Amino acid sequence: MVEKLWTPNVCFVNSKKTEIHSSPTPNIFLMIYPNGTVWVNYRLQVQSPCMVDLVLFPMDIMNCELIIESYAYNAAKVKLNWREWQPVFSIAKSKLSDFTLYGLQWTKNSFEYAAGQWDQLTVSLTFSRAYGFYILQMYIPTYSSVFLSFVSFWIDLKALPARITLGVSSLMALTFQYGNVAKNLPRVGYVKSIDVYMVLTTAFIFLTMIEVAFVCYLESENNMRRKERQAEKKKERVAALQRKKDKKKNNYGATTVTNPNAAECDLRSNYDEPFSNGTASHKISISRQANNMFESLHALAQFGT
């Protein structure tokens, strides 16, 4: 019956594929009102392009448009208009497995072609991506890996193998997690937010490894300086003990005073008057030694005062 009626030949201009449901027969509804109004309803499955911007992936927004236009008649023969009450609505659930429908807009436009002016109806559907899957499969595990790598800050510095093992294990786990999720990511030629996130998390874990190396270097430098200071202190103590021993060995509290005049007198007593007799020279020598002793005691008394 529908094939025998005149129709405005309306189609979805930007659709990639359109099919009429047939379960079990083609789902076409036809109703003719007493005033001559004809209502034809098709149950269609339409595949249309969508404008996708994945810069904020997985928290991005996708906009899909359906453009309705008559491919056979211009506005002089067929005028397209939206009905006044709720022209576009959703009868199914608005939440999909990966997206959530949260916006519907409809507009009417007119375009000039070579064959005249044509009316065009546009439906815009806005979807937001459901990111719960990525939170559970990527964000929480990567956060855990980063926090686990921070545990090395509280491990004793002497347990260097444990700190290195912890950092390398966190880095490998992060790489494995990103490899599993990257299989399902769309391949685009620009940087996505999830790529920036993965680079930052990898950088955090890598910096923990750099921190371990830097702290070990500082610790080795401090050990060398500490050993040098201890060696210097040991040398100073040994030198001080040696000086004390030398002082005790060479001087036990007495003071030695030399009298150069007494030495000269001794020399003169030995070499003056070589031809004198022995008794006289012996007496002179004893008297001179007594004088020298007296002078030495006098000098010692003056030194004590």
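Per an unreviewed UniProt entry, the chain goes by the name Neur_chan_LBD domain-containing protein and belongs to Caenorhabditis tropicalis.

Engineer: Can you tell me about the overall build of the chain, naming the residues and giving the values?
Structural biologist: Each helix and strand in the chain was counted, giving 5 helices and 9 strands. Along the chain, from the amino end to the carboxyl end, the secondary structure elements read β-β-β-β-β-β-β-β-β-α-α-α-α-α. Counting all 305 residues of the chain, 21% fall into the buried class. Entry remark: accessible area of the chain is about 22900 Å², with carbon and sulfur atoms responsible for 61%.

Engineer: Any details on helix H1 (residues 132–150)? Residues and values, ideally.
Structural biologist: Here H1 is 19 residues long and its end C-alpha atoms lie 26 Å apart, about the 27 Å a rise of 1.5 Å per residue gives. When we look at burial in H1, the residues that qualify are Tyr134, Met138, Tyr139, Pro141, Thr142, Ser145, Val146 and Ser149.

Engineer: So what's going on with the confidence of the model for the chain? Residues and values would help.
Structural biologist: A residue-level look at the chain finds 80% of positions with pLDDT of 70 or above and a mean pLDDT of 80. For the chain, the element scoring lowest by mean pLDDT is helix H4 (residues 260–271), at 45; strand S7 (residues 61–70) scores highest, at 92. Predicted confidence is poor over residues 252–280, with pLDDT under 50, and the contacts of this stretch with residues over four places away or in other chains come to 13 contacts.

Engineer: With reference to specific residues and values, describe helix H2 (residues 160–182).
Structural biologist: Between its terminal C-alpha atoms H2 stretches 33 Å, which fits the 33 Å expected from 23 residues at 1.5 Å a residue. For H2, every residue scored as buried is listed here: Arg163, Leu166, Gly167, Ser170, Leu174, Gln177 and Val181.

Engineer: Could you give an account of the state of the cysteines, naming the residues involved and the relevant values?
Structural biologist: Each disulfide is one covalent bond, formed between the sulfur atoms of two cysteines. Applying the stated criterion across every chain yields a total of 1 disulfide. In this model Cys50 forms its disulfide with Cys64; the gap between the sulfur atoms is 1.8 Å. Between Cys50 and Cys64 the disulfide shows an S-S torsion of about 105°. By sign, it is right-handed. In this pair, Cys50 is assigned in strand S6 (residues 50–52) and Cys64 in strand S7, connecting sequence segments 14 residues apart. Cys50 gets classed as partly exposed once you look at its relative accessible area, which sits at 29%. Residue classification places Cys64 among the buried residues on the basis of a relative accessible area of 7%.

Engineer: Tell me about the environment of Ala162, and name the residues and values.
Structural biologist: Here Ala162 lies in helix H2. Separated by 10 residues in the primary sequence, Ala162 and Ser152 have C-alpha atoms spaced 8.0 Å apart.

Engineer: Talk me through the side chain of Ser70; I want residue IDs and the actual numbers.
Structural biologist: With respect to the helices and strands, Ser70 occurs in strand S7. For Ser70, the side chain forms a polar contact with the main-chain oxygen of Pro8, separated by 2.7 Å. A polar side-chain atom of Ser70 sits 3.2 Å from the main-chain amide nitrogen of Tyr73. For Ser70, the contacting residues outside a window of four places in its chain are Pro8, Asn9, Val10, Leu80 and Trp118.

Engineer: Residues and numbers for the packing of aromatic side chains, please.
Structural biologist: A complete count under the given rule lists 13 aromatic pairs for this structure. Ring geometry for Phe150 versus Phe204: centroids 6.4 Å apart, planes at 85°, classification edge-to-face. Of this pair, Phe150 sits in helix H1 while Phe204 sits in helix H3 (residues 193–250), and the two are 54 residues apart along the sequence. Taking relative accessible area as the criterion, Phe150 reaches 24% and is therefore assigned partly exposed. Pairing Phe153 with Trp154 gives two aromatic rings, centres 6.4 Å apart and planes at 50°, and the pair type is tilted. Taking relative accessible area as the criterion, Phe153 reaches 38% and is therefore assigned partly exposed. Residue Trp154 is classed as exposed on the basis of its relative accessible area, which comes to 71%.

Engineer: How would you summarise the pairing of strand S4 (residues 38–42) if you had to cite specific residues and measurements?
Structural biologist: Two faces, one strand: in a regular strand the side chains alternate between the faces of the sheet. The sheet contact formed by strand S3 (residues 28–32) and S4 spans 5 bridges and is antiparallel. What sits directly across from Ile32, in S4, is Val38. What sits between S3 and S4 in their antiparallel hairpin is a turn of 5 residues, with Gly36 showing a positive phi close to 100°.

Engineer: Outline a nonpolar patch on the surface, listing residues and values.
Structural biologist: Where nonpolar side chains cluster on the molecular surface, the patch consists of Val55, Leu56, Met59, Tyr131, Val188 and Tyr190 and spans about 530 Å² of accessible area. By the element assignment, Leu56 lies in the loop between S6 and S7. Given a relative accessible area of 55%, Leu56 falls into the exposed group.

Engineer: Any chance you could break down the nonpolar core for me, citing the residues and the numbers?
Structural biologist: With 13 residues, the main nonpolar core has Phe57, Tyr134, Leu185 and Ile194 as its most contacted residues. Elements supplying a minimum of two residues to this core: H1, H2 and H3. Within the second largest apolar cluster, 9 residues are counted, among which are Met62, Leu66, Leu101 and Val123.

Each value, and the rule that gives it
- Residues numbered from 1 in each chain as written.
- Predicted model: local features only at pLDDT ≥ 70, side-chain atom pairs only at ≥ 80, totals over all residues.
- Heavy atoms only, no water.
- Helix = DSSP H or I, 4+ residues; strand = E, 2+ residues; numbered from the N terminus.
- Buried < 20%, exposed > 50% of the residue type's maximum accessible area, 1.4 Å probe, protein only.
- Areas by Shrake-Rupley, 256 points an atom, 1.4 Å probe, with all protein chains shown as cover.
- Expected span 1.5 Å × (residues − 1).
- pLDDT = per-residue confidence, 0-100.
- Contact = heavy atoms within 4.5 Å.
- Disulfide = S-S within 2.5 Å.
- Polar contact = N/O pair within 3.5 Å; in protein donor to acceptor, adjacent residues only side chain to side chain.
- Phe/Tyr/Trp six-rings, centres within 6.5 Å; stacked < 30°, edge-to-face > 60°.
- Pairing = 2+ DSSP bridges.
- Patch = residues over 30% accessible without salt bridge, like charges linked within 9 Å, V, L, I, M, F, W, Y side chains within 5 Å.
- Salt bridge = Lys/Arg side-chain N within 4 Å of Asp/Glu carboxyl O.
- Core = buried A, V, L, I, M, F, W, Y, C linked by side-chain atoms within 4.5 Å.

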